[in-house]
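# Commentary on secondary and tertiary structure
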Amino acid sequence: MRPSRPRDHTPRDDQSPTVEAPGSPRSSPTSEAAEAAPAPASPGRLLAIDAARGLALVGMVVVNVGPLSVEGLWQRLYLLPYGRASVLFVVIAGIGMAFFVRARRTPKSRWRALIWRAAVLLTGGLLLQRTTEDVGVILPVYGVLFISVLVLQFLPPPVLLGAAAALAVVGPVLFISHGLDDVGQHLGPPARLGDPWPEIAHALVLSGRYPLVTWAVPFLVGMWAGHLDHTRATTVRRLIAWGGALAVLAQGASQLSRALLGERADQGYWRLLTGTAHGQMPLWLIGSIGGALFTVAVLLRWWPLLGRWARPLVMAGQMALTLYVLHVLVLAMLRPSEDITIATGALLSAALVTGCLVVAVLWRARASIGPLEWVLRASLLTGATRTRVPAAPVPHPEAQIKDQHP
């Protein structure tokens, strides 16, 4: 059995309530923005978020194919998605969830939709994990995050951001205490369907590859960001500036701390000062979340220029859950070697990415939603129809970005 290593395995924001933009192609489930849209909005804004999700899907494929051990500048750039693609997905899920809870829906339809989607993602993710030991499946953690929204929906944005900041410190401490051995490897295999429920719960919360105590942080930040007024150009520019600054500063601090600590960087609580990808430590969380906010904001800001070239990426983002599961199953059958070369890995990744894009374009030419996205939506089973109740209109984040002055 190959040693388990954390890999980006991000499903699409689809794991958050689905989004549909009025007058636009049906958005991916993770594009929750659409489904929750309280008012008509510019389709371009929704498509930019779909493209971000599609971009994260591409990064996830690259990382899961491997190799993860590389040398040299170009190889490091090739693996730039490692530890970032999955965080981007979770941030987008949080943004979409903020749109969802702000939508003019009845409370009953909202909690039914959340519980159904959480059950599908939790059970389906644990089942999918039985097919592979090489790729950690993130879907079960998404399921738990969706359940948490039953409480998080009542928290104001400043509290969400404060909770994220606190958990970015407390979570890594708990993770080190419960989930790592002396060489920084995860203690146990990922949770699978059929394991005892106490073991599943412990893995999901503390000791797994995607422990809730740290992965709730990007979700909370995403929910906070979803409450911002993205119709303001100044808001988007600030997200670009702050996101980029956090990503660069956290990476620099991580490199400096490792140089100063030397061998101690991999020992005990000294790990709290490091920023290794998927290390679950504060610097990694800050840097990867900053990079995710930067990516989303850049796409929103310059979508009029980028959108014409990104149609296949948008369609992949709208089917990210389906394509994520498909790529995990393909890798479970191919089982690429741990010793795969960078050239072989790049060729295999290119083939898988091309296949995903082709499948997305062909499917979306015939259907408005992916097959697993349809299961996740399941309006007939949950009663989660678009029943609306009167509510004051709120600015929709997908609206055309424009400067607004008081």
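Residues numbered from 1 in each chain as written. Predicted model: local features only at pLDDT ≥ 70, side-chain atom pairs only at ≥ 80, totals over all residues. Heavy atoms only, no water.

## Quick notes on the overall build of the protein chain
The secondary structure content of the protein chain amounts to 17 helices and zero strands. Taking all 406 residues of the protein chain together, the buried fraction comes to 54%. In the protein chain, once contacts between residues fewer than 6 apart in sequence are set aside, the share between residues at least 24 apart is 77%. Per element, the accessible surface of the protein chain, about 17100 Å² overall, is 69% carbon and sulfur. (Helix = DSSP H or I, 4+ residues; strand = E, 2+ residues; numbered from the N terminus. Buried < 20%, exposed > 50% of the residue type's maximum accessible area, 1.4 Å probe, protein only. Contact = heavy atoms within 4.5 Å. Areas by Shrake-Rupley, 256 points an atom, 1.4 Å probe, with all protein chains shown as cover.)

## A look at the pattern of salt bridges
Per the stated rule, a full pass over the model turns up two salt bridges. The residue Asp-50 makes a salt bridge to Arg-53 at a minimum N-O spacing of 2.6 Å. Separated by three residues within a single helix, Asp-50 and Arg-53 lie in helix α2 (residues 43-65), roughly one turn from each other. In this structure, Asp-134 engages Arg-335 in a salt bridge whose closest nitrogen and oxygen atoms are separated by 3.8 Å. On the criterion of sequence distance, the pair formed by Asp-134 in the loop between α5 (107-129) and α6 (139-152) and Arg-335 in the loop between α14 (320-334) and α15 (342-364) is long-range, its members being 201 residues apart. (Salt bridge = Lys/Arg side-chain N within 4 Å of Asp/Glu carboxyl O.)

## Digging into the layout of surface pockets
Approximately 380 Å³ is the volume attributed to the second largest pocket. Taken together, 19 residues make up the lining of the second largest pocket; nearest its centre are Leu-161, Val-221, Trp-224, Leu-246 and Leu-293. Put simply, the parts of the chain that give the lining of the second largest pocket at least two residues each are α7 (157-179), α9 (212-226), α10 (233-261) and α11 (282-301). Sorting elements by how many residues they give to the lining of the second largest pocket places α10 first, with six residues. Here the lining of the second largest pocket is composed, by residue class, of 15 nonpolar, three polar and one charged. (1 Å grid on protein atoms, 1.4 Å probe; cavity = no way out; pocket = protein on both sides within 12 Å on 5 of 7 lines; lining within 4 Å. Points joined across faces, edges and corners; volume = space filled by probe spheres on them. Nonpolar A, V, L, I, M, F, W, Y, C, P; charged D, E, K, R; others polar.)

## Overview of a nonpolar patch on the surface
On the surface, Leu-73, Trp-74 and Leu-77 cluster together into a nonpolar patch covering about 410 Å² of accessible area. By the element assignment, Leu-77 lies in helix α3 (residues 73-78). The exposure class assigned to Leu-77 is partly exposed, which follows from its relative accessible area of 43%. (Patch = residues over 30% accessible without salt bridge, like charges linked within 9 Å, V, L, I, M, F, W, Y side chains within 5 Å.)

## Some points on the environment of Ser-254
Summarising the element assignment, Ser-254 is placed in helix α10. Its relative accessible area of 8% is what places Ser-254 among the buried residues. Expressed as a C-alpha distance, the spacing of Ser-254 and Trp-284, which sit 30 residues apart in the sequence, is 7.9 Å. In contact with Ser-254, not counting residues within four places along its chain, are Thr-274, Gly-275, Thr-276 and Leu-283. Looking at Ser-254, its side chain comes within polar contact range of the main-chain nitrogen of Gly-275, at 3.1 Å. (Polar contact = N/O pair within 3.5 Å; in protein donor to acceptor, adjacent residues only side chain to side chain.)

## Here's the deal with the environment of Ala-310
Note on placement: Ala-310 falls in the loop between α12 (303-306) and α13 (311-318). Assessed through its relative accessible area of 11%, Ala-310 is described here as buried. In sequence terms Ala-310 and Asp-50 are 260 residues apart; their C-alpha atoms lie 9.9 Å from each other.

## A look at the nonpolar core
Formed by 83 residues in total, the largest nonpolar core has its most connected members in Met-97, Leu-139, Tyr-142, Trp-215, Phe-219, Trp-303 and Tyr-324. With 12 residues, helix α4 (residues 85-102) is the single largest residue contributor to this core. Val-63, Leu-68, Val-70 and Leu-79 belong to the second largest nonpolar core, which has six residues in total. (Core = buried A, V, L, I, M, F, W, Y, C linked by side-chain atoms within 4.5 Å.)

## Here we look at empty space enclosed by the protein
Counted under the stated rule, the structure contains five cavities of 30 Å³ or more. The space that makes up the largest cavity amounts to roughly 120 Å³. If you trace the largest cavity, you find it lined by Gln-129, Gly-136, Val-137, Pro-140, Val-141, Pro-190, Ala-191, Ala-203, Leu-204, Gly-208, Arg-209 and Tyr-210. Mapped onto the lining of the largest cavity, the elements with two or more residues apiece are α6 and α8 (197-207).

## Topic: the packing of aromatic side chains
Applying the stated criterion to the full structure yields two aromatic pairs. With a centroid separation of 5.0 Å and an interplanar angle of 65°, the aromatic rings of Tyr-210 and Trp-215 are classed as edge-to-face. Trp-215 carries the same exposure label as Tyr-210, and that label is buried. Taking the centre distance of 5.6 Å and the plane angle of 65° together, the rings of Trp-215 and Trp-284 count as edge-to-face. Residue Trp-215 is found in helix α9, and its partner Trp-284 is found in helix α11; the two are separated by 69 residues along the sequence. As far as burial versus exposure is concerned, Trp-215 and Trp-284 are alike and both buried. Site record: aromatic cluster; members linked through ring pairs are Tyr-210, Trp-215 and Trp-284. Here the basic side chain of Arg-264 rests over the ring of Trp-270, its NZ or CZ set 4.7 Å away from the ring centre. (Phe/Tyr/Trp six-rings, centres within 6.5 Å; stacked < 30°, edge-to-face > 60°. Lys NZ or Arg CZ within 6 Å of the ring centre and 35° of its normal.)

## Here we look at the packing of α13 against α15
Direction vectors running N to C along α13 and α15 enclose 80°, while the axes themselves pass 8 Å from each other. Classified by the angle their axes make, α13 and α15 are roughly perpendicular. Counting all contacts with α13, which are made through Pro-312, Leu-313, Met-315, Ala-316 and Gln-318, the residues of α15 involved are Leu-357, Ala-360, Val-361 and Arg-364. For the contact of α13 with α15, a count of residues per class yields seven nonpolar, one polar and one charged. (Axes fitted to C-alpha atoms, helices over the stretch in contact; angles between N-to-C directions. Parallel < 35°, antiparallel > 145°, perpendicular 65-115°, else oblique.)

## Some words on the confidence of the model for the protein chain
Looking at the protein chain as a whole, its pLDDT mean stands at 81, while 79% of the residues score no less than 70. Ranking the elements of the protein chain by mean pLDDT puts helix α1 (residues 32-36) last with 40 and α11 first with 96. Residue range residues 382-406 is modelled with pLDDT below 50. Its contacts to residues more than four positions away, or to other chains, number 73 contacts. (pLDDT = per-residue confidence, 0-100.)

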